[in-house]
Amino acid sequence: MFPQFGATAETLSKASTLVFRIGTDAHLYDDPEDGNIVELLESKFDSEKCEALKRLLALIAQGIDVSNFFPQVVKNVASQSLEVKKLVYLYLLHYAEKRPNEALLSINCFQKDLGDTNPLVRACALRTMAGIRLHVIAPLVLVAVGKCARDPSVYVRKCAASALPKLYDLRIEDNNSSIEEV
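Computed from a prediction, not measured in an experiment: that's the story for all the values here.

**What about the environment of N76?**
(1) Moving on: Within the fold, N76 resides in the loop between α4 (70–75) and α5 (82–95).
(2) Moving on: By relative accessible area, which is 5% here, N76 ends up buried.
(3) Moving on: Sequence-wise, N76 and L87 are 11 residues apart; in three dimensions their C-alpha atoms are separated by 9.7 Å.
(4) Moving on: Dropping the residues within four chain positions of it, N76 is found in contact with L41, K49, V84 and V88.

Right under this line is the structure:
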């Protein structure tokens, strides 16, 4: 096409595609077999952890099973970065029912996050705990909802009210009276 520049139509097409993708997250969908996701998840930099978690969530959106990364993701639930926490919470909500034993490892961090000074962290932790559909943690979620129902933040109290139907749907006969008390 442009022999004087040594370019063919194919190379120009690839170059233009790369130029248009700069500044977007389209690269997250490129390679489902990317081997450096584990390295990024175990990085000490939050930006690299976010990159890996975004890739995992993009693969989930494509319908690819990435539950084999669950242990590495659960390690990041204790991160101080709000963005990392949100991405980990999304991943955990998706795979908690499939990997219940590993999901239980994260409950301690959720309970710690319920005492955080940031109301957004408290609300996200409560929403995630209530979204994990395991009967084992229902009593813990009930205690968390009771605590968050008295929170000074309106947003946290709203999330506590939204968590009540989720608890009720688990149909825990012995805790139904407790749910009504909250």
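That shown, we press on.
**Quick look at the packing of aromatic side chains**
(1) Moving on: The final tally for this structure, using the stated rule, is 3 aromatic pairs.
(2) Moving on: Aromatic side chains Y89 and F110 sit 5.1 Å apart centroid to centroid with 55° between the ring planes, which places their arrangement in the tilted category. Of this pair, Y89 sits in helix α5 while F110 sits in helix α7 (residues 107–113), and the two are 21 residues apart along the sequence. Accessibility classification places Y89 together with F110 in one group, the buried group.
(3) Moving on: Relative to Y95, the ring of Y91 has its centre 5.0 Å away and its plane inclined at 50°; by these criteria the two rings are tilted. Here the residue Y91 and the residue Y95 both occupy positions in helix α5, the gap between them amounting to 4 residues, near one helical turn. When sorted by exposure, Y91 lands in the same class as Y95, which is buried.
(4) Moving on: Linked through ring pairs, F70, Y91 and Y95 together constitute an aromatic cluster.

Here is what the cut-offs are and how they apply
Residues numbered from 1 in each chain as written. Predicted model: local features only at pLDDT ≥ 70, side-chain atom pairs only at ≥ 80, totals over all residues. Heavy atoms only, no water. Helix = DSSP H or I, 4+ residues; strand = E, 2+ residues; numbered from the N terminus. Buried < 20%, exposed > 50% of the residue type's maximum accessible area, 1.4 Å probe, protein only. Contact = heavy atoms within 4.5 Å. Phe/Tyr/Trp six-rings, centres within 6.5 Å; stacked < 30°, edge-to-face > 60°.

By themselves, these are just geometric observations and shouldn't be taken as functional.
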